[in-house]
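Fold and geometry: a report
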Amino acid sequence: MSVDTLTAADPIRLEVALGERAYPILIGAGLLERAGEWIAPLLKGRRRVVVITDTNVGPLHLPRLTAGLAAAGISVDTVTVPPGEGSKSWAGIADLVDQLLDLRVDRGTLLLALGGGVIGDLVGFAAAITMRGVDFVQIPTTLLAQVDSSVGGKTGINTKAGKNLVGSFHQPRLVLADMDCIATLPPRQLRAGYAEIVKHTVLGDAAMFAWLEAGGGAALLAGDRAALAKAVRHSCETKAAIVAADEREGGQRALLNLGHTFGHALEAETGFSDTLLHGEAVAIGMVQALDLSVRLGLCPAADKARLVAHLVACGLPVDQKACGGPFDPATLVAHMRLDKKAKAGELTFVLCTGLGSAIVRDGVPESDVLPVLSEAH
Ligand SMILES: NC(=O)c1ccc[n+]([C@@H]2O[C@H](COP(=O)([O-])OP(=O)(O)OC[C@H]3O[C@@H](n4cnc5c(N)ncnc54)[C@H](O)[C@@H]3O)[C@@H](O)[C@H]2O)c1
Ligand SMILES: [Zn+2]
């Protein structure tokens, strides 16, 4: 189906092919109003769900979802949590699970995560551990969540030792990506999510990168629905295929970390604060990863220049100055060694062998990385 003919009547439907844990991703407009159609078949026993959202998203989108569920005779309890990373914590998960138990959820209760990646990760983890595991549905409302965090089953919380260090793989039963939710997203959050879309093209699809570069990206950021749906679809297809091949990140799922080893170091250095949103860190991190790839003779310098030009054109940061840097290169490397993806302190990077293709390289010597960080990218 062409995205130009996208209507509420026929959302794009993709499948995450994980055998008995397979699930569909629906992408379209007006999906919340019709949520009952897709959610009713997932219910076991009572026609009842618990929606968990945050105080930003609830007032904007919960009424449409509740109406869509009521239309299918599904009753709704709601739990609303504070917005932001603070909810993805031991205190946040304890509070949520207590509230779920107070609502007398049972093994058959379906949880619906209505919100960005914070809500998705938190609710997914609550679903994994409450009553030893209940089903949940992802209803992502940020671009980042629609193109990345809602797909793949990684759930969890942050702890004193770092981000996402406690959690579980727990796949959702369904992902509903409603384009109407994106309309209320602050522009900075929209751009941050866009960085992950760019990532999916840089690691695997040169033609799609060229489409973004030639105006697809600008159209999407300006609110063009067809462009948005095309890009969300592309990202979800890319991630779904990689997750289906390597659910627990034993191999190629690591490609999705392009720009993340560098990016996480910057997030750690800026205290995981609003100074630098995750997607912004990924934008800078991708530039650094391509710089390293160029230095190692893997990638043409012209490809890095194209990436930088496109990110700049889209209003995304491309160097450390955008978040208060340049920072001490040795300190950034120290953050990288502590990253949970670092094995035995070895530096592992996703490198680019030209726009549209990437490889994972273990054991990259620090001496190759330091010049990239000293360049103040
Ligand atoms: N599980 C995964 O595979 C995975 C992948 C990438 C990121 N993540 C996690 O995702 C989180 C980041 O997600 P995020 O960027 O969506 O942040 P977020 O969930 O904090 O949302 C960003 C802000 O936008 C608000 N918001 C959400 N939807 C809105 C809407 N439609 N209109 C207006 N405001 C809205 C939120 O209340 C919040 O203030 C991080 O915790 C990260 O670790 C997880
Ligand atoms: Zn990311």
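Residues numbered from 1 in each chain as written. Chains lettered and ligands numbered in written order. Predicted model: local features only at pLDDT ≥ 70, side-chain atom pairs only at ≥ 80, totals over all residues. Heavy atoms only, no water.

A word on the coordination of the zinc ion (ligand 2)
To keep it simple, the criterion reads: Coordination partners: N, O, S within 2.8 Å of the metal, 3.2 Å for Na, K and Ca; water not considered, so apparent gaps in a site are possible. Working definition: helices are DSSP H or I runs of at least four residues, strands are E runs of at least two. Numbering for both runs from the N terminus.
Ligation of the zinc ion (ligand 2) by protein atoms is provided by E196 (OE), H260 (NE2) and H278 (NE2), these donors lying 2.0 to 2.1 Å from the ion. Donor residues for the zinc ion (ligand 2) sit on one chain with the sequence pattern E-x63-H-x17-H. With a gap of 82 residues between them, E196 in helix α7 (residues 187-202) and H278 in helix α11 (residues 278-295) connect regions that are remote in the sequence.

Regarding unusual backbone geometry
Here G325 and P326 are connected by a cis peptide whose omega angle stands at 5 degrees. Relative to the assigned elements, P326 resides in the loop between α12 (301-313) and α13 (329-338). Positive phi values are uncommon outside glycine, yet N164 reaches one of about 55 degrees. Position of N164 among the secondary structure elements: in strand β8 (residues 162-169).

Overview of the site of ligand 1
To be explicit about the condition: Note on terminology: near, applied to a residue and a molecule or strand, indicates that one of the residue's heavy atoms is within 4 Å of it. By the criterion applied in these results, polar contacts are pairs of N or O atoms within 3.5 Å in which, for protein atoms, one can donate a hydrogen and the other can accept it, and in which residues neighboring in sequence qualify only through two side-chain atoms. Accessibility throughout is a Shrake-Rupley quantity obtained with a 1.4 Å probe, and a residue counts as covered only by protein chains that appear here. Throughout this entry, Asp, Glu, Lys and Arg are counted as charged residues, while Ala, Val, Leu, Ile, Met, Phe, Trp, Tyr, Cys and Pro are counted as nonpolar. The remaining residues, Gly among them, count as polar.
In the neighbourhood of ligand 1, 26 residues make up the surrounding shell, with D54, E85, T141, T142 and T184 lying closest. In this structure, N56 approaches ligand 1 through a side-chain N or O atom, which is 2.9 Å from an oxygen atom. Between ligand 1 and the protein, one listed contact pairs an oxygen atom with a backbone N or O atom of G117 at 2.8 Å. Protein chains shield 88% of the accessible area of ligand 1, which is 870 Å² for the free molecule. Sorting the residues of the shell around ligand 1 by element identifies α2 (57-70), α4 (117-129), α5 (143-149) and β8 as the ones contributing at least two each. Each residue belonging to the shell around ligand 1 can be placed in one class, and the counts come to 8 nonpolar, 10 polar and 8 charged.

What about the packing of aromatic side chains?
Heads up, the condition is: Aromatic rings from Phe, Tyr and Trp, with only the six-membered ring used for Trp, were paired whenever their centres fell within 6.5 Å, and each pair was classed as stacked if the ring planes differed by under 30 degrees, edge-to-face if by over 60, and tilted otherwise. A 1.4 Å probe rolled over the protein chains alone gives each residue an accessible area, and that area as a share of the maximum for its type sets the label: buried under 20%, exposed over 50%, partly exposed in between. The criterion is that NZ of a Lys, or CZ of an Arg, lies within 6 Å of the ring centre and within 35 degrees of the ring normal, and then a charge sits over that ring.
Evaluated as defined, the whole model comprises 1 aromatic pair. Look at F262 and F349: their rings are 4.8 Å apart centre to centre, the planes differ by 35 degrees, and that puts the pair in the tilted class. Of the two residues, F262 is situated in helix α10 (residues 260-269) and F349 in strand β10 (residues 349-352); the sequence distance between them amounts to 87 residues. F349 shares its class with F262; the two are buried. A cation sits over an aromatic face here: K230 above W211, 4.8 Å from the ring centre.

Geometric descriptors of this kind do not, in isolation, establish any biological role.
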